[in-house]
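Structural overview
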Amino acid sequence: MTETAIFGAGCFWGVEAAFRRVDGVVETAVGYAGGHTAEPGYYDVCSGQTGHAEVVRVVFDPERVSYEQLLGLFWQVHDPTQVNRQGPDIGTQYRTVIFYRSEAQKEAAEASQAKLVAAGHPIATQIEPAAEFWMAEDYHQQYFEKNRRIHAGLFRV
């Protein structure tokens, strides 16, 4: 039996690549969630008018990797103190967000965030109920794996 997690942590290309390397992650897909527009496309989302964030849907085997472990990676792969940006990428589509799919996920996400806040980190991450996931265009799926030669110096895949 698998479970699904949805994370927004800036540009979805690198975030997906990081989660794909985790033992126990069965499948990943990049897409859009959290907005008000049905069937958004990349350029729609980049306009800032849809309200969607770039997200990664992670299907995982909880017997091999826990949701808490995935949360740990989520906090590591981006700067959760940034509001509507990650590095040079600016806009609401790059916001830091966890979309929980169960009460257990919500509690785990809130507990992991609370630890960071208690340690003095000004966390901007939103924790919200799972929104409809809209699959991104095919050329965005496993982007770094498809473009190894171009990005070899930027990210190890």
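For the structure, see preceding data.
Not measured: the values here are computed from a predicted model.

**Examining the nonpolar core**
- Of all hydrophobic cores here, the largest spans 29 residues; its most connected members are Phe7, Phe19, Val58, Tyr67, Leu70, Leu71 and Ile98.
- When contributions to this core are tallied by element, the ones reaching two or more residues are strand S1 (3-9), helix H1 (12-20), strand S2 (25-33), helix H2 (42-46), strand S3 (53-60), helix H3 (67-76) and helix H4 (103-118).
- Every residue in contact with Val58, bar those within four places of it in the chain, is listed here: Glu3, Thr4, Ala5, Phe7, Phe19, Val25, Glu27 and Leu70.
- With eight residues, the next largest nonpolar core counts Ala29, Ala53, Val97 and Phe99 among its residues.

**What to know about the pairing of strand S6 (residues 96-100)**
- Most of S6 is tucked away, with five of its five residues classed as buried.
- Burial of the side chains of S6 extends over both faces: Thr96, Ile98 and Tyr100 are buried on one face and Val97 and Phe99 on the other.
- Here S1 pairs with S6 via four bridges, running antiparallel. Bridging across to S6, Gly8 finds its partner in Val97.

**As for the packing of aromatic side chains**
- Tallied over the full model, the rule gives seven aromatic pairs.
- A ring pair is formed by Phe74 and Trp75, whose centres lie 4.9 Å apart and whose planes are at 65°; its orientation type is edge-to-face.

**Section: the pattern of salt bridges**
- Scanning all chains against the criterion turns up two salt bridges.
- Of the charged contacts in the structure, one is a salt bridge between Asp23 and Arg64, with a shortest N-O distance of 2.6 Å. Of the two residues, Asp23 is situated in the loop between H1 and S2 and Arg64 in the loop between S3 and H3; the sequence distance between them amounts to 41 residues.
- What makes Asp23 exposed here is its relative accessible area of 54%.
- For Arg64, a relative accessible area of 47% gives the class partly exposed.
- Residues Glu27 and Arg57 are paired through a salt bridge, measuring 3.9 Å at the closest nitrogen-oxygen approach. Of the two residues, Glu27 is situated in strand S2 and Arg57 in strand S3; the sequence distance between them amounts to 30 residues.

How each quantity is defined
Residues numbered from 1 in each chain as written. Predicted model: local features only at pLDDT ≥ 70, side-chain atom pairs only at ≥ 80, totals over all residues. Heavy atoms only, no water. Core = buried A, V, L, I, M, F, W, Y, C linked by side-chain atoms within 4.5 Å. Buried < 20%, exposed > 50% of the residue type's maximum accessible area, 1.4 Å probe, protein only. Helix = DSSP H or I, 4+ residues; strand = E, 2+ residues; numbered from the N terminus. Contact = heavy atoms within 4.5 Å. Pairing = 2+ DSSP bridges. Phe/Tyr/Trp six-rings, centres within 6.5 Å; stacked < 30°, edge-to-face > 60°. Salt bridge = Lys/Arg side-chain N within 4 Å of Asp/Glu carboxyl O.

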